[in-house]
Amino acid sequence: MTDTFVSRLARMVVTLAIVSVTGFLLLHLAPGDPLAQFALSPGMTETQLGMIRHQMGLDVPLPVQYLVWVKGLLFGDWGRSFRDHQPVLTIIFGHLGATLELAGTASLLATWAGASMGVYGAFRQGSRGDTMMTILSVVLLSIPTFWFGLVFISLFSVRLGWLPSGNIHTVGGAFSPGDYLRHLFLPAIVLALGSTAIWSRYTRNAVAEVLGQDYIRTARAKGLSPRRIRYRHVLRNALLPMITLAGLQFPTLLSGALVTETVFTWPGIGRLFLDSLEYRDYPVAMGILMFSAVLATFGSILTDALYAVADPRLRVSRQ
Amino acid sequence: MKIRTASTGMVMVVVLAFACVVLPLLLPFDPLEIDLHHRFLPPLSGSHVLGTDEIGRDTLVRLLVGARTSLLIGLSAMALSTLTGCLTGGLTGFYGGWTRRVLMRIVDSVLCFPTIFLLLTLASFGQPGALTIVGIVSLVAWMEVSRVVDGQVRALRGREFVVAVEAMGASAAHMLLRELLPNITGAIIVVSTLNVARAILMEAYVSYLGNGIQPPQPSLGAMLNDAQEYLRPDPWLAILPGLVIAVAVIGLNFIGDGLRVAVDPRQGRRA
């Protein structure tokens, strides 16, 4: 157990190292210059640009820049934004709340709706309702999220005027829970649509798999009530593969939120990331990248751990 | 049920492909032709069957040409990523050991990046355009193929017919190309079909965010981006491109799901 845990930790470190090197190289080698914003201002001389470049630490060779950055990363100093000179971690945590509220609401919605759809389908396999749900989940997965965003805005905000089309609260207005919820409603639904489909497909397969097992037939033969079988035997065992999905969904929440946040001008991590890419704000972009990579790897480790707790057969998983 | 949805998917894709190859030749409009006297026409107005956009270009022609580009990008990206995936997955599945460990670390790391980050940064390296998109989408999509091929090759590696050929002194290349890969064609076709669907979606995302096909060339993603500003005067400009993407991707996903069942009947009974 400890052995697998250590080797897993080692693999995580290797993965994060590769991510950091690749991400750093990709960003720095990509065309575009963080100094472009300064170069445009009138009266800017070469010497001044050189000074700025020096202060940003961009005038040393790339490997040195990388090492300086990694050292800071390990000791909790993630650098400062090229744009407003705020510490990167402060900026990230400043935007994290909005993303967590959006992504959290969306995943609650998606898990609830998707799991109910999946369970319904699995218990009525081959029925018309089941077919409809299978088709619906393919359809939901096939349509780009931002399109739902645009159509919802066009219908509910522009045409009907029921809900706001963007932002986290009315500009200039005081904060009120009602106002906030009205702003949260559309983006949360849009973000939830895609993962609802994934949850429903996954749940349906998991429950259908359990339903075919011998111990379910035994339980039926023993004369247990269908209700008891459903909750004690079927759903409990079907929970296992769903833990995996929860872990896998963890990193996709952030990247899914990226597009939704853009459509609804939601002030979260996703939009911050796109903005920092646009401005070549390397410290912020790299910070968010590493942040989400750490989340992703932790997600998969957490999944494995939960799995081992939930399924005694997997306690010793050495191959 | 699966067979029926798969055929439905087939019909959707074939009709769409046929329409976007043939119809632009028959329609009397050019996708780039500006007509400021007829802006924001709603669908079914005279000869503009689906109306016109903010500078009077015919929406139907632009949709069809955009869909043609999307399908071509999807197919080429699929070909490239399938080739890469078969090569890497075949080698690692065959040799195992360190080759495999190294590749799996790389695959894991790439999967750690948010897809959009990869797409956007990679996009900034090349001239924005169809070829660049094919390149970056395949760079992002080959890993899935690689994983599937790796798993399947590993599963077949120890089977009698492979061992028998090996005992007869066959070379590694012969075993891989003549014995192993032909036996997993089914699985490869399934991932590839689903990959075409994914590639079309990715193209839409990249073009929507402004790094894909550049204006004035029509692209479904870019048309959606333009439409954002005109939701009030003309919501159709936003609705239609999304529907076309949906038809293509839903069709391909239906085909992929159907093929999966055909290839693996055991799974079909369960799912």
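Residues numbered from 1 in each chain as written. Chains lettered and ligands numbered in written order. Predicted model: local features only at pLDDT ≥ 70, side-chain atom pairs only at ≥ 80, totals over all residues. Heavy atoms only, no water.

**Student:** Could you give an account of the UniProt feature "transmembrane region" (unreviewed entry) in chain A, naming the residues involved and the relevant values?
**Tutor:** Residues and elements named next belong to chain A. Here the UniProt feature "transmembrane region" (unreviewed entry) sits at residues 12-30, 102-123, 135-160, 180-199, 238-264 and 284-310. Helix makes up 100% of residues 102-123 and strand makes up 0%, while its end C-alpha atoms are separated by 32 Å. In residues 180-199, helix accounts for 100% and strand for 0%; the two terminal C-alpha atoms are 27 Å from one another. (UniProt positions renumbered as here; feature names shortened; annotations may be inferred. Helix = DSSP H or I, 4+ residues; strand = E, 2+ residues; numbered from the N terminus.)

**Student:** Help me get a handle on the nonpolar core, residues and values and all.
**Tutor:** In this structure, Trp69, Phe146 and Val263 of chain A together with Phe117 and Val137 of chain B are the most contacted members of the largest nonpolar core, which totals 121 residues. Apart from the residues lying within four places of it in its own chain, the contact partners of Phe146 of chain A are Val259 and Val263 of chain A together with Ala204, Tyr205, Tyr208 and Leu224 of chain B. (Core = buried A, V, L, I, M, F, W, Y, C linked by side-chain atoms within 4.5 Å. Buried < 20%, exposed > 50% of the residue type's maximum accessible area, 1.4 Å probe, protein only. Contact = heavy atoms within 4.5 Å.)

**Student:** Describe the UniProt feature "transmembrane region" (unreviewed entry) in chain B, listing the residues and the values that go with them.
**Tutor:** As annotated in UniProt, the feature "transmembrane region" (unreviewed entry) corresponds to residues 71-95, 102-123, 129-149, 180-201 and 236-256 of chain B in the numbering used here. Across residues 180-201 of chain B, the secondary structure splits into 95% helix and 0% strand, with the terminal C-alpha atoms separated by 31 Å.

**Student:** Now, about the packing of helix α11 (residues 269-278) of chain A against helix α4 (residues 115-125) of chain B: what can you tell me, with residues and values included?
**Tutor:** It is at 11 Å that the axes of α11 of chain A and α4 of chain B come closest, and there the two elements cross at 15 degrees. The orientation of α11 of chain A relative to α4 of chain B falls into the category roughly parallel. Between α11 of chain A and α4 of chain B lies a crossing of right-handed hand. Judged by residue contacts, Phe273, Leu274 and Leu277 of chain A of α11 of chain A engage Phe117, Leu120 and Thr121 of chain B from α4 of chain B. Tallied by class, residues from the contact of α11 of chain A with α4 of chain B come to five nonpolar, one polar and no charged. (Axes fitted to C-alpha atoms, helices over the stretch in contact; angles between N-to-C directions. Parallel < 35°, antiparallel > 145°, perpendicular 65-115°, else oblique. Left-handed = near helix turned anticlockwise from the far one by under 90°. Nonpolar A, V, L, I, M, F, W, Y, C, P; charged D, E, K, R; others polar.)

**Student:** Residue-level account of the packing of aromatic side chains, with values.
**Tutor:** Residues and elements named next belong to chain A. Taken as a whole and assessed by the stated rule, the structure comprises twelve aromatic pairs over all chains. Between Phe93 and Phe291, the ring centres sit 6.0 Å apart and the planes meet at 90 degrees, which makes this aromatic pair edge-to-face. In this pair, Phe93 sits in helix α5 (residues 88-123) while Phe291 sits in helix α12 (residues 282-310), placing the two residues 198 residues apart along the sequence. A residue is classified by how much of its surface remains accessible, and Phe93, at 49% relative accessible area, is partly exposed. Chaining the aromatic ring pairs together yields one cluster made of Trp147, Phe148, Phe152, Phe156 and Trp162. Positioned over the ring face of Phe123 is Arg230, at 4.2 Å from the centre of the ring. (Phe/Tyr/Trp six-rings, centres within 6.5 Å; stacked < 30°, edge-to-face > 60°. Lys NZ or Arg CZ within 6 Å of the ring centre and 35° of its normal.)

**Student:** Please give an account of the interface of chain A and chain B that cites residues and values.
**Tutor:** Between chain A and chain B, the contact holds 50 residues from the first and 40 residues from the second. Three residues stand out in chain A for area buried against chain B, namely Phe146, Trp147 and Leu150 of chain A, and they jointly supply 15% of the buried area on that side. Our count for the chain A to chain B interface comes out at one salt bridge. Between Asp257 of chain B and Arg201 of chain A there is a salt bridge whose closest N-O contact spans 2.9 Å. Run the count over chain A and chain B and you get five residue pairs in polar contact (both at pLDDT 80 or more). Secondary structure elements with two or more residues in the side of chain A that touches chain B: α1 (2-29), α6 (128-142), α7 (145-159), α8 (177-211), α10 (226-263), α11 and α12 of chain A. Looking at the side of chain A that touches chain B element by element, the count peaks at ten residues for α1 of chain A. Broken down by class, the residue content of the side of chain A that touches chain B amounts to 30 nonpolar, 14 polar and six charged. (Buried area = accessible area lost by both parts, 1.4 Å probe. Salt bridge = Lys/Arg side-chain N within 4 Å of Asp/Glu carboxyl O. Polar contact = N/O pair within 3.5 Å; in protein donor to acceptor, adjacent residues only side chain to side chain.)

**Student:** Tell me about helix α3 (residues 97-112) of chain B, residues and numbers included.
**Tutor:** Taking 1.5 Å per residue, 16 residues should reach 22 Å; α3 of chain B reaches 23 Å between its end C-alpha atoms and fits that length. Taken as a whole, α3 of chain B has its buried residues at Leu103, Met104, Arg105, Val107, Ser109, Val110 and Cys112 of chain B. (Expected span 1.5 Å × (residues − 1).)

**Student:** Tell me about unusual backbone geometry, and name the residues and values.
**Tutor:** Residues and elements named next belong to chain A. In this structure, His85 takes a positive phi of about 65 degrees despite not being glycine. With respect to the helices and strands, the residue His85 is situated in the loop between α4 (62-74) and α5. You will see that Thr265, though not glycine, has its phi angle at about 40 degrees, which is positive. Relative to the elements of secondary structure, Thr265 occurs in the loop between α10 and α11.

**Student:** Explain the environment of Cys112 of chain B to me, using residue names and the numbers behind them.
**Tutor:** Within the fold, Cys112 of chain B resides in helix α3. Look past the residues within four positions of Cys112 of chain B in its chain and what remains in contact with it is Thr15, Val19, Ala293, Ala296 and Thr297 of chain A.

**Student:** Can you lay out the packing of α6 of chain A against α8 of chain A for me, pointing to particular residues and giving the numbers?
**Tutor:** Each pair of packed helices can be described by the angle between their axes along with the distance between the axes. Residue and element names in this part refer to chain A. It is at 8 Å that the axes of α6 and α8 come closest, and there the two elements cross at 140 degrees. On the basis of their axis angle, the class for α6 and α8 is oblique. Every pair of crossing elements has a handedness; the one defined by α6 and α8 is left-handed. Mapping the contact onto sequence places Asp130, Thr134, Ser137, Val138, Leu140 and Leu141 in α6 and Leu193, Gly194, Ala197, Ile198, Ser200, Arg201 and Arg204 in α8. By residue class, the composition of the contact of α6 with α8 is six nonpolar, four polar and three charged.

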